[in-house]
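Single-letter residue listing:
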Number of protein chains: 2
Amino acid sequence: MDNNKNQLDETKQEIMQATYDAIQQHGYAGLTIQSIADNFGKSKAVLHYHYDTKEDLLAAFLDYLLSEFGETIQIEGLSSPEEQLLSLVDLLLYGSDDTASEEIRQMQIALLEVQSQSPHKPLYCEQFTQIYHRLSDLFAEIIKRGMREGVFREVDADLTAQHILFIIVGGQLNQHTTNLETDPDKIRKIVTSQVLPSIKK
Amino acid sequence: MDNNKNQLDETKQEIMQATYDAIQQHGYAGLTIQSIADNFGKSKAVLHYHYDTKEDLLAAFLDYLLSEFGETIQIEGLSSPEEQLLSLVDLLLYGSDDTASEEIRQMQIALLEVQSQSPHKPLYCEQFTQIYHRLSDLFAEIIKRGMREGVFREVDADLTAQHILFIIVGGQLNQHTTNLETDPDKIRKIVTSQVLPSIKK
């Protein structure tokens with residue numbers, strides 16, 4: 001029984017990795033069940049057994065990204081709330097240490113395309129709701145810790161969390177859809193020079 | 001000669017209005033040259049005479065929106081830099097006074113879909129570059145006026161302008177792609193309660 005479950009998880013994990021690779025190769029527009037199957041190494045039938053449509057598979061992929069993200073963030077070990085906050089900002093802007101910036105860029109562009117479909121696709125909308133909710137909660141928890149420890153001012157933690165999140169996603173939208181010289185460093189600078197000073201005591 | 005030019009302008013103006021109406025009816029995904037022709041009242045051939053592809057037409061439409069926006073903003077008559085700044089924020093969040101909120105919402109969602117294509121479509125990318133550039137400049141000019149008049153602190157005007165713009169577009173992205181209760185009022189509150197206080201003397 002447990003053995004079966006592990007095998008199922010392993011298959012799903014392999015499908016998610018194949019989806020990640022296919023997005024890197026083809027972007028969202030060129031992504032097909034076939035292109036995922038090519039990276040998966042098993043038959044298309046196995047993919048269809050687990051996911052009825054490309055939409056189902058991508059919704060599962062967004063869920064997978066969020067859980068992977070949850071495993072990557074390590075804010076507990078960091079000493080100060082300010083360090084925790086910047087570490088979360090940096091993870092969103094630059095990805096984890098071992099990810100190439102071009103890989104991050106490709107994935108952010110693909111996710112932007114998926115996200116732009118959310119107004120018409122409830123499955124995507126539900127996943128992005130979870131993602132924003134989780135990220136917003138994380139920022140708010142860090143800000144509340146800073147307030148408890150007396151290093152941050154008494155601010156509206158939830159509103160400040162959304163403020164930071166909007167700067168990051170709005171900045172990335174600008175970065176990927178214009179020729180302006182917006183890059184992660186500039187987005188980070190807005191947070192460090194214009195938001196942090198109004199939070200810190 | 002002038003008469004010809006006026007007639008040309010009038011035709012283009014009619015095409016742009018038909019595009020606007022077709023987007024309201026069908027969204028970006030359902031937008032076709034035929035659906036625009038249906039609202040235009042003249043033949044598809046006239047559309048194809050002016051624009052080779054849907055991409056050409058939409059790029060012209062983005063250009064048209066920017067020039068329409070330029071005619072709508074009236075910041076000169078307003079008394080204080082703070083009023084000017086909020087008036088620009090409100091125009092981006094709520095549209096002009098006579099636009100229904102559902103109409104604004106539909107257009108913002110369609111523009112988001114067009115924008116998500118920008119990484120692969122240089123014509124769109126060029127237009128969004130112009131749009132962001134113009135908006136960013138407008139915010140920066142207002143902030144500089146406030147600094148000159150001694151009502152705003154000496155801040156980095158360009159960075160602050162982008163900061164406000166990123167909050168607005170990031171907030172709208174969140175609003176349209178999640179089930180969270182983000183609305184224009186919340187986005188406005190972030191600007192008024194968390195950005196303005198750090199600019200004002």
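Residues numbered from 1 in each chain as written. Chains lettered and ligands numbered in written order. Predicted model: local features only at pLDDT ≥ 70, side-chain atom pairs only at ≥ 80, totals over all residues. Heavy atoms only, no water.

**Focus: the relation of the copies chain B and chain A**
Overlaying chain B on chain A yields an RMSD of 0.0 Å, the required transformation being a rotation through 180° with an accompanying axial translation of 0.0 Å. The superposition of one copy onto the other is thereby described by a two-fold rotation axis. Nearest to the rotation axis, the C-alpha of B:G170 is located 1.8 Å from it, this being the minimum over chain B. Taken as a fraction of all interface residues of chain B, those also at the interface in chain A reach 100%, which identifies the copy contact as same-surface. (Least-squares fit on C-alpha atoms with pLDDT ≥ 70 in both. Contact = heavy atoms within 4.5 Å.)

**What to know about the side chain of B:S116**
Among the secondary structure elements, B:S116 is positioned in helix α6 (residues 101–116). Polar side-chain contacts of B:S116 include one of 2.9 Å to the backbone oxygen of B:E113. Among residues more than four places away in sequence, those in contact with B:S116 are A:L112, A:E113 and A:S116. (Helix = DSSP H or I, 4+ residues; strand = E, 2+ residues; numbered from the N terminus. Polar contact = N/O pair within 3.5 Å; in protein donor to acceptor, adjacent residues only side chain to side chain.)

**Considerations on the packing of helix α5 (residues 81–94) of chain A against helix α9 (residues 184–199) of chain A**
All names here are of chain A. At a minimum axis separation of 10 Å, α5 and α9 run at an interaxial angle of 155°. With respect to α9, the element α5 is oriented roughly antiparallel. In this structure, the crossing between α5 and α9 has a hand that is right-handed. The segment α5 lies against α9, with E82, L85, L86, V89, D90, L93 and Y94 engaging P184, D185, I187, R188, V191, T192 and L196. Residues that form the contact of α5 with α9 fall into these classes: 9 nonpolar, 1 polar and 4 charged. (Axes fitted to C-alpha atoms, helices over the stretch in contact; angles between N-to-C directions. Parallel < 35°, antiparallel > 145°, perpendicular 65-115°, else oblique. Left-handed = near helix turned anticlockwise from the far one by under 90°. Nonpolar A, V, L, I, M, F, W, Y, C, P; charged D, E, K, R; others polar.)

**Remarks on the interface of chain B and chain A**
The partner chain A presents 40 residues to the 40 residues of chain B that form the contact. Together, the buried faces of chain B and chain A total about 3600 Å²; carbon and sulfur atoms form 65% of this surface. Per-residue buried area on chain B facing chain A is highest for B:L159, B:F166 and B:Q194; these three make up 18% of the total on that side. At the surface where chain B touches chain A, the tally comes to 0 salt bridges. Connecting chain B to chain A are 16 residue pairs in polar contact (both at pLDDT 80 or more). (Buried area = accessible area lost by both parts, 1.4 Å probe. Salt bridge = Lys/Arg side-chain N within 4 Å of Asp/Glu carboxyl O.)

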